[in-house]
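One letter stands for each residue in the lines below.
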Amino acid sequence: GAVVSQHPSWVICKSGTSVKIECRSLDFQATTMFWYRQFPKQSLMLMATSNEGSKATYEQGVEKDKFLINHASLTLSTLTVTSAHPEDSSFYICSASEGSNYGYTFGSGTRLTVV
Amino acid sequence: AQSVTQPDIHITVSEGASLELRCNYSYGATPYLFWYVQSPGQGLQLLLKYFSGDTLVQGIKGFEAEFKRSQSSFNLRKPSVHWSDAAEYFCAATGSGGSNYKLTFGKGTLLTVNP
């Protein structure tokens, strides 16, 4: 079946630094990728939707200059948290879709801790 | 506004007992519906999905869900719960037409299984 690899699974960084999270579709072409943020014991909040080769569409309230999303190829999307602060600490999950088949495959998530 | 509601935040059942997790949706038209399971610190795994047709959907791990249009519900069931079923369960929906593939998630139901 479809597999999405998300890396790293966890990262600790210092406040003010930037962190990049990768999301790769291993056996299919992901025309659309989604990035979510999940706070402890809460649901997933969609941050942005990205289509290969296009600029990401951010949800209301999400700072696009802080959360940079790149979807340069059909198998790779990256989320860069710039100038991270402790309040950015969270669990980030990506999801990839082949398009209109409504098949969403999720990565295993990245636990970001900013100290 | 489109929404997915999971009325139960936390459910505890005994191993071997039956399980039903509730999900209600509010959409302009019948959406596509999904149930996902999340183990701690992990991504989401698809249990089953409903697009159209037979309103009783079979999924993996012995789960099934029934779509009831009159009640705007898509409840998840399992006849006999195993200890390994303890996890967080999310109901999700997306529009069935156009180019909007964004998933809307419920807040999740945490399932605890007692021995």
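Use the structure listed above.
Calculation notes
Residues numbered from 1 in each chain as written. Chains lettered and ligands numbered in written order. Predicted model: local features only at pLDDT ≥ 70, side-chain atom pairs only at ≥ 80, totals over all residues. Heavy atoms only, no water. Core = buried A, V, L, I, M, F, W, Y, C linked by side-chain atoms within 4.5 Å. Buried < 20%, exposed > 50% of the residue type's maximum accessible area, 1.4 Å probe, protein only. Helix = DSSP H or I, 4+ residues; strand = E, 2+ residues; numbered from the N terminus. Contact = heavy atoms within 4.5 Å. Pairing = 2+ DSSP bridges. Axes fitted to C-alpha atoms, helices over the stretch in contact; angles between N-to-C directions. Phe/Tyr/Trp six-rings, centres within 6.5 Å; stacked < 30°, edge-to-face > 60°. Salt bridge = Lys/Arg side-chain N within 4 Å of Asp/Glu carboxyl O. Disulfide = S-S within 2.5 Å.

Q: Is there a simple way to explain the nonpolar core in this structure?
A: For soluble globular proteins, nonpolar side chains are generally found buried alongside one another. Ranked by internal contacts, the top residues of the largest apolar core, which has 27 residues, are B:Leu19, B:Trp35, B:Leu47, B:Leu48, B:Phe74, B:Leu76 and B:Tyr89. Those elements that provide at least two residues to this core are β2 (10-14), β3 (19-21), β5 (32-38), β6 (44-50), β8 (64-68), β9 (73-78), β10 (87-94) and β12 (109-114) of chain B. Ranked by residues supplied to this core, first place goes to β10(B) with four residues. Apart from residues no more than four positions distant in its own chain, B:Leu19 is found in contact with B:Ile11, B:Val13, B:Phe63, B:Leu76, B:Arg77, B:Lys78, B:Val81 and B:Leu111. Membership of the second largest hydrophobic core comes to 23 residues, among which are A:Ala56, A:Leu79, A:Ala96 and A:Val114.

Q: I would appreciate a short explanation of the sheet that holds strand β1 (residues 4-7) of chain A in the present structure.
A: Adjacent strands of a sheet pair through backbone hydrogen bonds, lying either parallel or antiparallel. Residues and elements named next belong to chain A. One open sheet accounts for four strands, arranged β1-β3-β8-β7; its pairing is antiparallel. Edge positions in the sheet fall to β1 and β7 (67-73), since each of these pairs with one other strand and no more. Taking each pair of neighbouring strands and ignoring which way they run, the sheet shows an average axis angle of 15 degrees. Taken together, the four bridges between β1 and strand β3 (residues 19-25) define a ladder with antiparallel strand orientation.

Q: Sorry if this is basic, but what is going on with the packing of aromatic side chains here?
A: Centre-to-centre distance and the angle between the planes together describe a pair of aromatic rings. Within this structure, the stated rule accounts for 16 aromatic pairs over all chains. Here A:Phe67 and A:Tyr92 contribute two aromatic rings whose centre-to-centre distance is 6.3 Å and whose plane-to-plane angle is 45 degrees, an arrangement assigned as tilted. Note that A:Phe67 is positioned in strand β7 and A:Tyr92 in strand β9 (residues 90-97), a separation of 25 residues in sequence. Here A:Phe67 and A:Tyr92 have matching classes, each one buried. When the centroid spacing of 6.3 Å and the interplanar angle of 90 degrees are considered together, the rings of B:Phe90 and B:Phe105 count as edge-to-face. One end of the pair, B:Phe90, is in strand β10; the other, B:Phe105, is in strand β11 (residues 104-105), with 15 residues separating them in the sequence. Accessibility expressed as a relative area gives 0% for B:Phe90, which makes it buried. Residue B:Phe105 is classed as buried on the basis of its relative accessible area, which comes to 10%. Clustering of aromatic rings is evident, with ring pairs tying together A:Phe34, A:Tyr36, A:Tyr104, A:Phe106, B:Tyr32, B:Phe34, B:Tyr36, B:Phe51, B:Phe90 and B:Phe105.

Q: It is not clear to me how the pattern of salt bridges should be interpreted in this structure. Could you clarify?
A: In the structure shown here, the tally under the stated rule is seven salt bridges over all chains. Measuring nitrogen to oxygen at the nearest pair gives 2.9 Å for the salt bridge that ties A:Asp88 to A:Lys66. Residue A:Asp88 is found in the loop between β8 (76-81) and β9, and its partner A:Lys66 is found in the loop between β6 (57-58) and β7; the two are separated by 22 residues along the sequence. Neither A:Asp88 nor A:Lys66 differs from the other in exposure class; each is buried. Shared partners join several salt bridges into a network, and the residues in it are B:Glu64, B:Glu66 and B:Arg77.

Q: I tried to follow the pairing of strand β11 (residues 110-114) of chain A on my own but got confused; where do I start?
A: Put simply, side chains in a regular strand alternate between the two faces of the sheet. All names here are of chain A. Residues Thr 110, Leu 112 and Val 114 point to one face of β11 and are all buried, whereas Arg 111 and Thr 113, pointing to the other face, are not buried. Sheet analysis places strand β2 (residues 10-13) next to β11, joined by four bridges and oriented parallel. From the neighbouring strand, Val 11 faces β11, where its bridge partner is Leu 112. As paired elements, β9 and β11 share three bridges and run antiparallel to each other. Its bridge partner being in β11, Ser 90 is matched across the sheet by Leu 112.

Q: For this particular structure, what's the right way to read the state of the cysteines?
A: By definition, a disulfide is the covalent link that joins the sulfur atoms of two cysteine residues. According to the stated counting rule, one finds two disulfides over all chains in the structure shown. Between A:Cys23 and A:Cys94 runs a disulfide, and the two sulfur atoms are separated by 2.0 Å. Taking the torsion about the sulfur-sulfur bond, which here is approximately 80 degrees, the covalent link between A:Cys23 and A:Cys94 counts as right-handed. Residue A:Cys23 is found in strand β3, and its partner A:Cys94 is found in strand β9; the two are separated by 71 residues along the sequence. This pair shows no difference in class: A:Cys23 is buried, exactly as A:Cys94 is. The disulfide partner of B:Cys23 is B:Cys91, and the S-S distance across this bridge is 2.0 Å. An S-S torsion of about -65 degrees defines the bridge between B:Cys23 and B:Cys91 as left-handed. Placement of the pair is B:Cys23 in the loop between β3 and β4 (24-26) and B:Cys91 in strand β10, with a sequence separation of 68 residues. Take B:Cys23 and B:Cys91: they sit in the same class, and that class is buried. Looking at A:Cys13, it has no disulfide partner, and the nearest cysteine sulfur is the one in A:Cys94, 18 Å off.

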